[in-house]
Amino acid sequence: MLTSLTTAYTDTRAADLAWALGREPLPALAVRDLRLGSAAVQLRLLGASHQVIVEEEHGTCSETVACMPGSSRPLPLGVAERVGHWDYEFAARVETLSRGSFAGRAQELLALVAEHPHGLAGTFPGSPHAFTALMAQLHEGQLRWRTWHAYPQEGRLVATRTRITSRTPATLQTVGPSAAS
């Protein structure tokens, strides 16, 4: 799903991104509700980037990657933590691309996420290549999502990968077809 966001582009530098676990839902510009196995997954586009909230019978996991005033935790290259009954793994990478390469990569990623059954992408006003995109899937009992945050003014693309695995047997397993709302 691809949407145009009607707000100012507030996180204009890749270096301003911060990461947090366990935050309450922040105001969202676009939301995509999914059911992946036994989990309710909410992909949220914020004016300052993204938030993913996972809920199931054993608890909630919330990941936020955004410009968060007052945050002292910059975007890490990697994290492995226990969150409730889940093992949580996060990785981030920053790519610096030439103007031409950036435009091509942006178009490729927006098309990929727009066509994905569990994807959500939003473009910001001012540049067709300023966007945030999220894509989720359930694979072999693991819930995974990928995100991309584009900064065309500095030629940087921030990509993240997250994986959560339940330590409780039989959770996150596919229960009927995985469907998007």
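The rules we used
Residues numbered from 1 in each chain as written. Predicted model: local features only at pLDDT ≥ 70, side-chain atom pairs only at ≥ 80, totals over all residues. Heavy atoms only, no water. Core = buried A, V, L, I, M, F, W, Y, C linked by side-chain atoms within 4.5 Å. Buried < 20%, exposed > 50% of the residue type's maximum accessible area, 1.4 Å probe, protein only. Pairing = 2+ DSSP bridges. Helix = DSSP H or I, 4+ residues; strand = E, 2+ residues; numbered from the N terminus. Axes fitted to C-alpha atoms, helices over the stretch in contact; angles between N-to-C directions. Contact = heavy atoms within 4.5 Å. Polar contact = N/O pair within 3.5 Å; in protein donor to acceptor, adjacent residues only side chain to side chain.

(A) Representation of the nonpolar core in the model. Formed by 32 residues in total, the largest nonpolar core has its most connected members in Val41, Leu43, Val54, Tyr88 and Ile164. Ranked by size, the runner-up nonpolar core spans 13 residues in total, among them Leu109, Ala133, Met135 and Trp148.

(B) How the structure looks around the sheet that holds strand β11 (residues 142-151). Read across the open sheet, the seven strands follow the order β1-β9-β10-β11-β12-β8-β7; overall the sheet is mixed. The two strands at the open ends of the sheet, each matched to only one other strand, are β1 (2-4) and β7 (78-83). Averaged over neighbouring strand pairs, the angle between their axes works out to 15 degrees when direction is ignored. Contacts between helix α1 (residues 99-115) and the sheet are confined to β1, β8 (86-96), β9 (119-123), β10 (131-139), β11 and β12 (156-166), with β10 contributing the most and set at about 45 degrees to the helix.

(C) Here's a closer look at unusual backbone geometry. We note that Glu140 has phi near 50 degrees; this positive angle belongs to a residue other than glycine. In this structure, Glu140 sits in the loop between β10 and β11. A relative accessible area of 71% places Glu140 in the exposed class.

(D) Main features of the side chain of Thr160. By the secondary structure assignment, Thr160 is in strand β12. Among the polar contacts listed, one links the side chain of Thr160 to the side chain of Thr147, at a separation of 2.4 Å. Among all residues touching Thr160, those that are not within four sequence positions of it are His50, Phe90, Ala91, Ala92, Trp145, Arg146 and Thr147.

(E) Fine view of the pairing of β11. Most of β11 is tucked away: eight of the 10 residues are buried. By the bridge criterion, eight bridges tie β10 to β11 in an arrangement that is antiparallel. Within the sheet, the bridge partner assigned to Met135 lies in β11 and is Arg146. From the end of β10 to the start of β11, which pair antiparallel, there are two residues, and Glu140 there has a positive phi angle of about 50 degrees. Across 10 bridges, β11 lies against β12 in antiparallel orientation. Bridge pairing in β12 places Tyr151 opposite Arg156. The loop that links β11 with its antiparallel partner β12 comprises four residues; one of these, Gly155, has a positive phi angle of about 65 degrees.

(F) Spotlight on the environment of Ala130. Checked against the element boundaries, Ala130 lands in the loop between β9 and β10. Relative accessible area serves as the criterion here: at 2%, Ala130 is assigned to the buried category. Measuring from C-alpha to C-alpha, the distance between Ala130 and His149 comes to 7.9 Å, with 19 residues separating the pair along the chain.

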